[in-house]
Amino acid sequence: MINGILTPGNDAAGGGDLVVGDTFTGFLQEVVNDDARDSVRASAINVLEGALSAGPNSTGLVVGRVQSGKTLSYEGVIALARDNGFSLVIVISGISNPLLAQGERRLKGDLGSADKDGWLFAVPNDKQQSLQQIEQALQNVQANWSKASTPKAYKQTAVVVLLKHHGGILNLTGLFDRVDFSGQRVLIIDDEADQASLNTLAKKGKQSATYGNLLALRDSLPGHYYLQYTATPQAPLLIAIDDALSPDFVRVLKPGIGYTGGDRYFGSADNFVKTIGAEDLAAADHPNGPPPEGLRQAMLEFLIGVAHVVTTGKPKTRSMLVHPSRQKDAHADFVRWITGMKKDWQDKYEHQGEVFPNKLQREFRDAWEELATTLPDIATFEECWDALDIVFRNLNIVEVNTRQGQTPVINWIPTQSYILVGGQAIDRGFTVEGLTITYMPRGPGTRTADTVQQRARFFGYKASYLGLCRVYLEPDVRDDFEMYVEHEKDMLAALRNIEAGNESLKEWKRQFLLDNKMKATRASVISIPMIHVKAKDRWIADTKPVRDDAPSLASARAHAIDALTEVDWRETPFGHRAGYATLTDALELLVQTSPESWLAEPNVQALLLNLSKLQDDEPTEAVVRVVWMRSDGGLAQRQVTSDGGVQLFQGRSASGYYGDRDEFDPAAPLTIQLHEVEVVERGTKHPLGEYLLTAWRIPEESLAGWLIEVGT
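Sequence order as written defines the numbering, with residues in each chain counted from 1. At least 70 in pLDDT is required for a residue's local features to be given in this predicted model, at least 80 for side-chain atom pairs to be given and counted, and no such filter applies to totals for whole chains, interfaces and linings, which use all residues. Working from all heavy atoms in the structure, the side-chain values ignore hydrogens and water.

The secondary structure listing takes helices from DSSP runs of H or I that are at least 4 residues long and strands from runs of E that are at least 2 residues long, numbered from the N terminus. Tallying secondary structure elements over the protein gives 20 helices and 25 strands in all. Along the longest, intermediate and shortest principal axes, the C-alpha atoms of the protein span 85 × 80 × 45 Å. Summary of the burial criterion: residues with accessible area below 20% of their type's maximum are buried, those above 50% are exposed, and those between are partly exposed, where the area comes from a 1.4 Å probe applied to protein chains only. Out of the 712 residues in the protein, the part that is buried amounts to 55%. In what follows, residue pairs with any heavy atoms lying within 4.5 Å of each other are defined as contacts. Of the contacts formed within the protein by residues at least 6 apart in sequence, a portion of 80% connects residues at least 24 apart. Shrake-Rupley sampling with a 1.4 Å probe provides the accessible areas, and residues are treated as covered by the protein chains on show and by no other component. With an accessible surface of roughly 29,900 Å², the protein has 48% of that area assigned to carbon and sulfur atoms. We score Asp and Glu as negative and Lys and Arg as positive, and we do not count His or the chain ends. A charged residue contributes its charge at one atom only: NZ of Lys, CZ of Arg, CG of Asp or CD of Glu. Here the protein contributes 72 positively and 93 negatively charged side chains, and the mean placements of these two sets differ by 5 Å.

Structural data, given as structure tokens:
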């Protein structure tokens, strides 16, 4: 900023130091809580610096946790962008009108608080703004920014809030063919970038409509910067590297103080997560019967939690979410059950002077006792019981779907509580204010990791009232969430490593810790060749040892002895030598004794990844079972089989030997066998070579499988 005039940086090509000006400072002071101010400031600068460093037309991937404040992050980036000469910002927000409206209201409120007169908002989906009016307004913005002498007050930054729909994107693209923003800094933010934006027809050699029109929009704005915001980055990371939407750089957002995510729900001893029983699931399929018992229990806990809030004298919105399926008929059934229970309980409560509802009071007391296990300072039961009158009178039951034509927009009021029933409309991007109780009897469906995670509306900034929270999940869905926690932890660690500059995102070989039961994302968008490898509960060994790069037996033996020098060897009854080694020694053994060509195979890549993760937990403990097979019996002869491999393992014998495959310690995180063999031709027994071969077994209870990129 020079003499009250906003300047567009060095030029549209980026570069130069970032300016922290009045708009970003105002945003931090007026919008961001005190305890989050430093982290929001640092992350916004980090994201915009990343974009400018990557250069115009670059694509940046910004990853945050579900319900962790991604919107606040990109609002901060927008405010900072204004201070740094960006004349136009396009926010592609949501695939439904309610989500668009939610995003629009927040942007106008927060950015307006940061800089009251600094913005021109345009919403092409708003019927009160014609495309012609928007075009004229953007023409004025472009003209004002094109003149260096234009005073700051006249240089508004245009913020276009756009529904992620191919038709609207196409119309906006046509507008920019007429209004030329080339030479000016433009920022495009693709919110929920893994949804709808990507090419679902790539495998057919075509372009899906939304994807194709997004590319056209980008082409119409030369020199722009494109940021993809998402909590589930699997899909953008698995599209072809040369795809225009494949990210050039990544930034991982750190959740703020008080964030409650998967680790807290699924990785603690606190009983926040409940498993929905078979009886409940069966009851949910019989709409004419009584409500599922678990639903009843969840609703009792929710109402007691709301009553506790009432007793504090400080009204705060509290909500319950019921997520039965995508089918509207199921939504209606649950709304009827919930409405019926509320009416019955309220009637009994209001007439307690005539007939005291002893059974109902016992049920509420049980719910109170359950919540008291995680909220020790909960109001007394008598106080909560007395507050239920207010709770019943201010309870709203809302079916969140398009049964009435449009998905209802919730106007959250602190003195009200809400029970929301819905499916797809409350999955991705939908914010449930003050959510305490979640009841989700739906099954796992296709078990797609990013879809599972987006259903976690119960994550968020809940530390101050976590004791009131409970999550009821169908058993397989609970398993999926537990698996996803480990998947996400590993994925974010890899992305942080890339962000730190230790590896290039474009050159990074994609590797995801992911149970074989799950898919990373929908298959239609994946263009990078991947293979799912199971790395547990089986032996992994080199069954085709005759390789050009295989080390000699003497060399491999020497490396093995060196790697296992600390092992306290003991003889076994069947002529083996056995002991225990550290995971560090095991990794050294694998790398030093194996040919590079075998190490590059997906099975072994998965093994290496598992060993690295296990090593993080127990780097120096001697926990790995090591067995040097038939150590005094000379070389075991193995014939090449018809498929070109060898049968490494000896089977059971009449002498009582149980066979090599059963020579492992089920309690150890890993068992290694070392086999010294002579490989000979089948039939002629012509010698082909002498080798030290290792075999590796990870038990069922250990780590999951891996999704690994294959090929070049």
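So, on to the pairing of strand S1 (residues 59–63). Across the five residues that make up S1, a large majority, five, are buried. Neither face of S1 is left uncovered, since the one carrying Thr59, Leu61 and Val63 and the one carrying Gly60 and Val62 both have all their residues buried. Criterion used throughout: strands pair if DSSP finds at least two bridges between them. As paired elements, S1 and strand S6 (residues 224–230) share five bridges and run parallel to each other. Note on S6: the bridge partner recorded for threonine 59 is tyrosine 226. Where S1 meets strand S7 (residues 249–252), four bridges bridge the pair, whose relative direction is parallel. By the bridge assignment, glycine 60 is partnered in S7 with phenylalanine 249.

Turning next to the confidence of the model for the protein. A score between 0 and 100, pLDDT records how confident the predictor is in each residue. When the pLDDT values of the protein are averaged, the result is 90; 95% of them are 70 or greater. Note on residues 8–15: pLDDT under 50 across the span, and 22 contacts to partners over four residues away in sequence or across chains.

In this section: the sheet that holds strand S12 (residues 417–422). Working definition: the strands of a sheet are paired by backbone hydrogen bonds and lie parallel or antiparallel to each other. On the basis of which strands lie adjacent, the open sheet formed by six strands has the order S9-S15-S13-S10-S12-S11 and parallel pairing. Of all strands in the sheet, those with a lone pairing partner are strand S9 (273–275) and strand S11 (395–400), marking the two edges. Taking the axes of each pair of neighbouring strands and ignoring which way they run, one obtains an average angle of 15° across the sheet. Orientation is described by lines fitted to C-alpha atoms, with helices fitted over the stretch in contact, and by angles between N-to-C directions that extend from 0 to 180 degrees.

This part covers unusual backbone geometry. Even without a glycine there, the phi angle at glutamate 192 is positive, about 50°. If you trace the backbone, glutamate 192 turns up in the loop between strand S5 (185–191) and helix H7 (209–219). Notably, alanine 196 is not glycine yet its phi reads approximately 70°, a positive angle. Inspection of the secondary structure puts alanine 196 in the loop between S5 and H7. By relative accessible area, which is 30% here, alanine 196 ends up partly exposed.

The next point concerns the packing of aromatic side chains. Stacked, tilted and edge-to-face are the three classes assigned to paired rings of Phe, Tyr and Trp, where Trp is represented by its six-membered ring and a pair needs centres within 6.5 Å; plane angles under 30 degrees give stacked, over 60 edge-to-face, the rest tilted. Inspection of every chain in the model, using the stated rule, returns 29 aromatic pairs. Within the aromatic cluster, the residues linked to one another by ring pairs are Trp345, Tyr349, Phe356, Phe364, Trp368, Phe381, Trp385 and Phe392. Just above the ring of tryptophan 119 sits the side chain of arginine 82; from NZ or CZ to the centre is 5.9 Å. Any Lys NZ or Arg CZ found within 6 Å of a ring centre and within 35 degrees of that ring's normal is scored as a charge over the ring.

Further remarks concern the state of the cysteines. Note on terminology: pairs of cysteine sulfur atoms within 2.5 Å are recorded as disulfides. Enumeration over the complete set of coordinates arrives at zero disulfides. With no disulfide of its own, cysteine 384 lies closest to cysteine 469 among cysteine sulfurs, the gap being 15 Å.

Take the nonpolar core next. Think of a nonpolar core as a cluster: buried Ala, Val, Leu, Ile, Met, Phe, Trp, Tyr and Cys residues, connected wherever their side-chain atoms sit within 4.5 Å. Counting residues in each nonpolar core, the largest one holds 127 residues, and the members touching the most others are Phe364 and Leu495. The contacts of leucine 495, once residues within four sequence positions are left out, are Val63, Pro233, Leu237, Val250, Val252, Leu505 and Trp508. Leu111, Phe121, Val123 and Leu187 belong to the second largest nonpolar core, which has 42 residues in total.

Two kinds of site are reported from a 1 Å grid over the protein atoms alone, namely cavities, where a 1.4 Å probe fits but cannot get out, and pockets, open sets with protein on both sides within 12 Å along at least five of seven lines, and residues are called lining when an atom falls within 4 Å of a point. Grid points are joined across faces, edges and corners, and a volume is the space filled by probe spheres set on the points. Within the structure shown, the criterion is met by three cavities of 30 Å³ or more. A volume near 100 Å³ is recorded for the largest cavity. What lines the largest cavity is simply Asp542, Pro545, Ala550, Pro551, Thr593, Ser594, Pro595, Trp598, Tyr691, Leu692, Leu693 and Thr694. Ranked by residue count, the leading element in the lining of the largest cavity is strand S24 (residues 687–698), at four residues. Classifying every residue of the lining of the largest cavity by side-chain character gives eight nonpolar, three polar and one charged. In this structure, the second largest cavity spans a volume of roughly 70 Å³. Going through the elements one at a time, helix H9 (262–266) and helix H16 (475–499) are the ones with two or more residues in the lining of the second largest cavity. Amino acids outside the nonpolar list (Ala, Val, Leu, Ile, Met, Phe, Trp, Tyr, Cys, Pro) and the charged list (Asp, Glu, Lys, Arg) are all regarded as polar, and Gly is one of them. The residue makeup of the lining of the second largest cavity, split by class, is one nonpolar, one polar and four charged.

Contact pair helix H6 (residues 166–178) / H7: the axes reach a minimum separation of 9 Å and the direction vectors enclose 15°. With respect to H7, the axis of H6 lies roughly parallel. Here the hand of the crossing between H6 and H7 comes out left-handed. For the pair H6 and H7, the contacting residues are His166, Ile169, Leu170, Leu172, Thr173 and Phe176 in the first and Ala209, Thr210, Asn213, Leu214, Ala216 and Leu217 in the second. With respect to orientation, any angle under 35 degrees is reported as roughly parallel, any angle over 145 as roughly antiparallel, any angle of 65 to 115 as roughly perpendicular, and every other angle as oblique. In a left-handed crossing the near helix is turned counterclockwise from the far helix by less than a right angle, and in a right-handed crossing that turn is clockwise.

Within the secondary structure, glutamine 605 sits in helix H20 (residues 602–617). Taking relative accessible area as the criterion, glutamine 605 reaches 16% and is therefore assigned buried. Filtering out sequence-adjacent residues up to four positions away, glutamine 605 remains in contact with Lys509, Gln511, Leu599, Ala600 and Ile708.

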